[in-house]
Structures are given as structure tokens and as C-alpha cells.
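# Structural characterization, general
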Amino acid sequence: EINTLMVNALVDMYMKCGSFEDAKRLFDKMQEKDIFSWTTTLDGYAKLGEYDEAQHVFDAMPRKDIAAWNALISAFEQNGKPKEALAVFRELQLSKDAKPDEVTLVCALSASAQLGAMDLGRWIDVYIKKHGIKLNCHLTTSLIDMYAKCGDLKKALEVFYSVERKDVFVWSATIAGLAMHGHGRAALDLLSKMLEAKVKPNAVTFTNLLCACSHTGLVNEGQRLFYQMEPVYGVVPGEKHYACMVDILGRSGRLQESVKLIEKMPILPTA
């Protein structure tokens with residue numbers, strides 16, 4: 001005899017293996033569906049990019065908890081559909097089913113950043129403060145990223161300096177913000193502060209730092225960082241780091257060096 005818990009696990013397994021027809025067959029046969037049955041099926045469709053099916057399951061749900069809303073919003077946001085993500089987020093605001101949680105707000109901020117929707121991003125910032133939601137590192141990173149991508153670097157830096165706990169992603173997002181606004185020196189200064197705070201930079205940090213050097217013509221600084229990555233910081237340069245380095249050299253007219261770097265790459269050069 002198979003109980004609901006067992007069927008939920010089977011549906012989850014089929015979804016994660018990409019066999020959504022088997023998952024659907026099991027789901028449809030279930031006489032009793034709990035909230036996990038619905039959410040597992042919805043999340044599975046969403047992650048496989050089957051948005052119509054995910055929406056259909058979502059609409060058919062007798063009760064929608066915040067996990068269900070988050071599954072749909074994050075699926076749209078993570079698959080390059082920020083408009084659809086924000087449409088579901090607005091629907092959530094109007095419904096009385098559930099209240100946004102930290103996961104919802106991170107997804108909505110990311111979608112706002114992708115669209116440059118500053119007004120909604122600001123609204124979320126106010127919502128966080130109004131409801132006394134504690135800024136964890138995920139929310140802090142999303143807020144910084146949103147403000148920087150929407151053009152308000154000052155506000156992004158305000159958020160950065162307002163929080164005590166900063167993980168590597170918070171530092172990296174701020175470095176990225178400085179880079180995209182052409183403040184290369186400030187980005188390098190922030191790396192020094194990051195090291196003083198005993199936070200170890202990762203591959204994302206170095207991509208952002210090299211972009212900062214590229215956008216502001218800091219060739220020597222970029223080269224120094226690139227060649228220090230593995231021996232000093234233990235981060236093996238990847239294709240993005242090589243692309244940044246080729247860009248740094250190319251922008252400064254050192255085309256022969258760019259070609260030599262590509263030819264000597266230990267990994268296959270991408271387009």
C-alpha cells in the first residue's frame with residue numbers, strides 16, 4: 001500500500017529526472033493530494049521550463065502557500081522571464097493566500113534588477129523595513145544588485161554600509177556595482193577592505209574586479225590580480241576571467257598579448 005508521502009517522493013524523483021509524464025501520471029492518480037503533492041509537481045514543472053503546465057497546476061491548487069508562489073515566481077525569474085515573475089508577484093500582493101517571505105523578495109528584487117524596475121525595487125526595500133524583516137545576506141545582495149543595476153549606486157552603497165554581516169556575495173555585488181558605474185579604483189579599494197574583514201574572495205569576486213579594471217583602463221592592476229588569483233587566493237581562473245583579461249588587453253590596444261593569452265589558455269577558448 002502506497003501512502004501520500006511515498007507518492008510525493010516518487011513524483012519528486014520523476015520530476016528531478018525529467019520524466020514529467022510519469023510524474024503527471026502518478027499525480028493525477030492520487031486520491032488525496034496534500035500541499036506537498038501540489039508544490040512538488042508545480043516546482044518540478046517550473047524547473048523543467050514547462051511554464052504552462054506549472055501555471056495550470058498553480059491555478060488548480062485548492063490552497064496556495066508561500067512555497068507554491070515562490071516556486072512559480074523563482075522559475076520565471078531564473079529562466080529569463082522577469083516580467084512574468086513580477087506579474088505573479090503582483091498577483092500575490094493582491095491575494096489573501098499568503099504573505100511574501102525572504103525567498104519571494106529575493107526573487108522579486110532580482111526580476112526588478114533584470115528589468116531596471118527601480119520603483120518596484122524601492123517598494124520592496126520599504127516593505128522590508130516596514131515589516132521589520134531582518135536583512136540576511138541573500139536579501140542584502142539582492143538589494144545592492146537591484147539598486148546598482150537600476151542606476152542608483154549611492155543607494156546600493158548605503159545598503160552595503162548599513163549591514164553588519166557581509167558574506168562574499170554581499171562584497172562581490174558591491175564590487176560589481178562599482179565596476180558597472182566605472183569606479184575601478186573604488187572597487188579595488190573595496191577588495192582591500194574585504195581582505196581586512198577576513199572574507200575570502202571567490203571566482204565571482206574576481207570576475208567583477210577584472211570587469212572593473214577593464215571598464216576603467218586599469219591594465220596593470222588587472223594583470224596583477226589575474227596572475228595572483230590561483231597562487232595567492234586559491235581561485236583557478238575560468239573562461240570568464242580569461243575573457244575579462246583579453247578584454248582588458250584588447251581595450252588598451254595590446255592585441256598581440258590578447259592573442260597570446262588565448263593561445264596559451266589551459267582551457268578551451270569559448271566564442
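For the structure itself, look to the data block above.
First, a word on what this report is: a plain description of the structure on this page. In this text the structure is predicted, and so the values were computed from the model without any measurement.

## Notes on the overall build of the chain
The helix and strand tally for the chain stands at 16 helices and zero strands. By principal-axis analysis of the C-alpha atoms, the chain measures approximately 65 × 45 × 30 Å. The burial tally for the chain puts 46% of its 271 residues in the buried class. A separation threshold of at least 6 residues defines the contact pool for the chain, and within that pool the share at least 24 residues apart is 58%. Accessible surface, the chain as shown: approximately 14,700 Å² in total, 53% of it carbon and sulfur. Seen as two clouds, the 32 positive and the 34 negative side-chain charges of the chain have centres 6 Å apart.

## Quick word on helix α13 (residues 203–215)
Residues spaced three or four apart along an α-helix face the same direction, because each turn holds 3.6 residues. Here α13 spans 19 Å end to end across 13 residues, near enough to the 18 Å set by a 1.5 Å rise per residue. Put simply, Asn202 is the residue that caps the front of α13, since its side-chain oxygen is 3.1 Å from the backbone nitrogen of Val204.

## Some words on the environment of Asp52
Here Asp52 lies in helix α4 (residues 51–60). The exposed category is assigned to Asp52, whose relative accessible area is 71%. In the structure, Asp52 is positioned 187 residues away from Glu239 in sequence and 35 Å away in space, judged by C-alpha atoms.

Quick notes on the rules
- Residues numbered from 1 in each chain as written.
- Predicted model: local features only at pLDDT ≥ 70, side-chain atom pairs only at ≥ 80, totals over all residues.
- Heavy atoms only, no water.
- Helix = DSSP H or I, 4+ residues; strand = E, 2+ residues; numbered from the N terminus.
- Buried < 20%, exposed > 50% of the residue type's maximum accessible area, 1.4 Å probe, protein only.
- Contact = heavy atoms within 4.5 Å.
- Areas by Shrake-Rupley, 256 points an atom, 1.4 Å probe, with all protein chains shown as cover.
- Lys, Arg positive; Asp, Glu negative; His and termini not counted.
- Charge placed at Lys NZ, Arg CZ, Asp CG, Glu CD.
- Expected span 1.5 Å × (residues − 1).
- Polar contact = N/O pair within 3.5 Å; in protein donor to acceptor, adjacent residues only side chain to side chain.

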